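Commentary on secondary and tertiary structure
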2 protein chains.
Amino acid sequence: MTPERYRKLRAVLDKRQPDLTVLMENVHKPHNLSAILRTADAVGVYEAHAVNPTGGVPTYNETSGGSEKWVYLRVHPDIATAVQHLKERGFLVYAAHLSDEAVDYRAVDYTRPVAVLLGAEKWGVSPEAAALADRHIVIPMMGMVQSLNVSVAAAVILFEAQRQRQAAGLYDRVRLDPETYRRTLFEWGYP
Amino acid sequence: MTPERYRKLRAVLDKRQPDLTVLMENVHKPHNLSAILRTADAVGVYEAHAVNPTGGVPTYNETSGGSEKWVYLRVHPDIATAVQHLKERGFLVYAAHLSDEAVDYRAVDYTRPVAVLLGAEKWGVSPEAAALADRHIVIPMMGMVQSLNVSVAAAVILFEAQRQRQAAGLYDRVRLDPETYRRTLFEWGYP
Ligand SMILES: C[S@@+](CC[C@H](N)C(=O)[O-])C[C@H]1O[C@@H](n2cnc3c(N)ncnc32)[C@H](O)[C@@H]1O
Ligand SMILES: C[S@@+](CC[C@H](N)C(=O)[O-])C[C@H]1O[C@@H](n2cnc3c(N)ncnc32)[C@H](O)[C@@H]1O
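A quick note: this is a predicted structure, and the numbers were derived from the prediction, not measured. (Residues numbered from 1 in each chain as written. Chains lettered and ligands numbered in written order. Predicted model: local features only at pLDDT ≥ 70, side-chain atom pairs only at ≥ 80, totals over all residues. Heavy atoms only, no water.)

The next point concerns the site of ligand 2. Residue and element names in this part refer to chain B. Near ligand 2, the surroundings consist of 18 residues, among which Ala 96, Gly 119, Gly 124, Ile 139 and Leu 148 are the closest. Interatomic distance of 2.9 Å between a backbone N/O atom of Leu 148 and a nitrogen atom of ligand 2. Of all the secondary-structure elements, those providing two or more residues to the shell around ligand 2 are strand E7 (135–138) and helix H5 (150–167). When the residues that make up the shell around ligand 2 are grouped by side-chain class, the tally is 12 nonpolar, three polar and three charged. (Near = heavy atom within 4 Å. Polar contact = N/O pair within 3.5 Å; in protein donor to acceptor, adjacent residues only side chain to side chain. Helix = DSSP H or I, 4+ residues; strand = E, 2+ residues; numbered from the N terminus. Nonpolar A, V, L, I, M, F, W, Y, C, P; charged D, E, K, R; others polar.)

Right, here's the structure in full:
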């Protein structure tokens, strides 16, 4: 590993946010999954989560920019298991979901441990997932089309989270525990 | 046309922003073009712009959510013509471009007439386009991957524009001139 490469890996790990993540519920198009992971990498997500109904391994495409190497993806068998996994680790689940109880995505706090739940391209967030979520958030729409592309919605919300976390100084100190930091540096450096 | 449909069309036209647009330079993947137009619709873009090197008609896919019906797309033969068209109409061109002179995308003013210039998936904004732009803006990246997917970058910037315009009250009064408003209502209502 060159010294520049080592410095780059450390600079990125220094900003990783173990308490910010996404949970993708049946997002099945490779270009959407890939674009979401690429955005997740950019805002410092350490590990992303997905529920994959077909049971298969999620597939990426070139839209990822290679981010599948830098953001771990944990696949859960169903939404209840995924949410339980996150709640046991202290996460709040904010469902990006156009329901009556949804609040503006800028009105919620992303400096707490947060998982942003995103729904399927066609059907959106399932009723089961919506019921399990702590909050529903919505990006205001002023046009004819009712919803955004899922990877676009993910990005708009994640960059609001990034903005809030930047303002709160959460990128200014190391957030990974020392053991995870060392292990990840090794895995990234010697794949 | 039902009364509800008529009210919906008017509500959307009431918020259309004739002085906010995007200029896509050689964005050639249908799912990216489609996702960008869908976001443009959501923030009130009236007409979008594209430069299409192959000379062909841009193609959409289902990612558009039907937005190609609600956002006009003007295709220019080359980038110089496109920028000239916009500058003659008073637009500033902000290039989303990871150059040395780029400033944070939140540090610029989107309440002025603004066209956000987006580059090609592989090559980014061309040197010619970068030179023609008034400002270069960048979305801060904290991960391993250098850039975002182009439709994601467009959305993050356009929703910052929407936030600024909302705060400035630009969605609270009709911004289209009466003639354009009437013509568009007719075209949308009786396609
Ligand atoms: C294409 S949308 C699904 C649309 C689906 N017909 C529905 O009614 O939910 C896919 C996912 O993107 C996210 N999304 C899209 N637009 C959104 C918005 N304006 N606010 C919040 N989330 C949004 C949601 O997570 C949604 O489940
Ligand atoms: C995939 S990127 C192009 C990457 C290309 N290799 C480059 O170096 O410019 C496609 C377009 O998305 C926009 N974009 C992507 N990430 C961006 C960021 N972090 N800031 C501003 N614009 C970005 C730019 O308009 C860029 O031309």
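There's plenty left to go through after this.
Within a sheet, adjacent strands bond to each other through the backbone by hydrogen bonds, running parallel or antiparallel. Residue and element names in this part refer to chain B. Strand order in the open sheet formed by seven strands is E3-E2-E1-E6-E4-E7-E5, and the pairing between neighbours is parallel. Two strands close off the open sheet at either side, each with one partner strand: strand E3 (72–76) and strand E5 (103–104). Running over the sheet, helix H3 (residues 79–88) touches strand E1 (20–25), strand E2 (47–51), E3, strand E4 (92–96) and strand E6 (114–118) and is turned about 170° from E1. (Pairing = 2+ DSSP bridges. Contact = heavy atoms within 4.5 Å. Axes fitted to C-alpha atoms, helices over the stretch in contact; angles between N-to-C directions.)

The subject of this paragraph is the nonpolar core. Core analysis: the biggest nonpolar cluster contains 78 residues, and Met 24 and Tyr 110 of chain A together with Met 24 and Tyr 110 of chain B have the highest contact counts within it. Not counting chain neighbours up to four residues away, the residues in contact with Tyr 110 of chain B comprise Tyr 94, Tyr 105, Val 116, Ile 137, Ile 157, Glu 160, Ala 161, Gln 164 and Arg 165 of chain B. (Core = buried A, V, L, I, M, F, W, Y, C linked by side-chain atoms within 4.5 Å. Buried < 20%, exposed > 50% of the residue type's maximum accessible area, 1.4 Å probe, protein only.)

Rotating chain B by 180° about the axis while translating it 0.0 Å along that axis superimposes it on chain A, leaving an RMSD of 0.0 Å. When the rotation and shift are considered jointly, the pair of chain copies conforms to a two-fold rotation axis. Taken together, the interface assignments show that 100% of the residues at the interface of chain B recur at the interface of chain A, consistent with an identical surface on both copies. (Least-squares fit on C-alpha atoms with pLDDT ≥ 70 in both.)

Neighbouring ligand 1 are 18 residues, the closest being Ala 96, Gly 119, Gly 124, Ile 139 and Leu 148 of chain A. At the site occupied by ligand 1, the surrounding residues belong to chains A and B. Ile 139 of chain A has a polar backbone atom sitting 2.9 Å from a nitrogen atom of ligand 1. At 2.9 Å from a nitrogen atom of ligand 1 is found a main-chain nitrogen or oxygen belonging to Leu 148 of chain A.

Under the defined criterion, the tally for this structure stands at 14 salt bridges over all chains. Note that Asp 19 of chain A is salt-bridged to Arg 165 of chain A, the shortest N-O span being 2.7 Å. Taken together, the residues span a long stretch of sequence, with Asp 19 of chain A in the loop between helix H1 (3–13) and strand E1 (20–25) and Arg 165 of chain A in helix H5 (residues 150–167) at a distance of 146 residues. Each member of the pair, Asp 19 of chain A as well as Arg 165 of chain A, carries the same accessibility label: buried. A salt bridge links Asp 134 of chain B to Lys 87 of chain B, with the shortest nitrogen-to-oxygen separation between them at 3.8 Å. With Asp 134 of chain B in the loop between helix H4 (127–132) and E7 and Lys 87 of chain B in helix H3, this pair connects stretches of sequence that are 47 residues apart. Each of the salt bridges in this network shares a partner with another, and the network as a whole consists of Asp 19, Arg 165 and Arg 175 of chain A. (Salt bridge = Lys/Arg side-chain N within 4 Å of Asp/Glu carboxyl O.)

Here we come to the side chain of Thr 39 of chain B. With respect to the helices, strands and loops of the structure, Thr 39 of chain B is situated in helix H2 (residues 30–43). On the basis of relative accessibility, which here comes to 1%, the residue Thr 39 of chain B falls in the buried class. In this view, Thr 39 of chain B contacts Leu 148 and Val 152 of chain A together with Ala 155, Leu 158 and Phe 159 of chain B; residues no more than four positions away in its chain are not counted.

Attention shifts here to the pairing of E6 of chain B. All names here are of chain B. Most of E6 is tucked away, with five of its five residues classed as buried. As defined by bridge partners, E1 adjoins E6 across five bridges and the pair is classed as parallel. Paired with Leu 20 across the strands is Val 114, a residue of E6. Here E4 pairs with E6 via four bridges, running parallel. Along E6, the bridge assignment pairs Val 93 with Ala 115.

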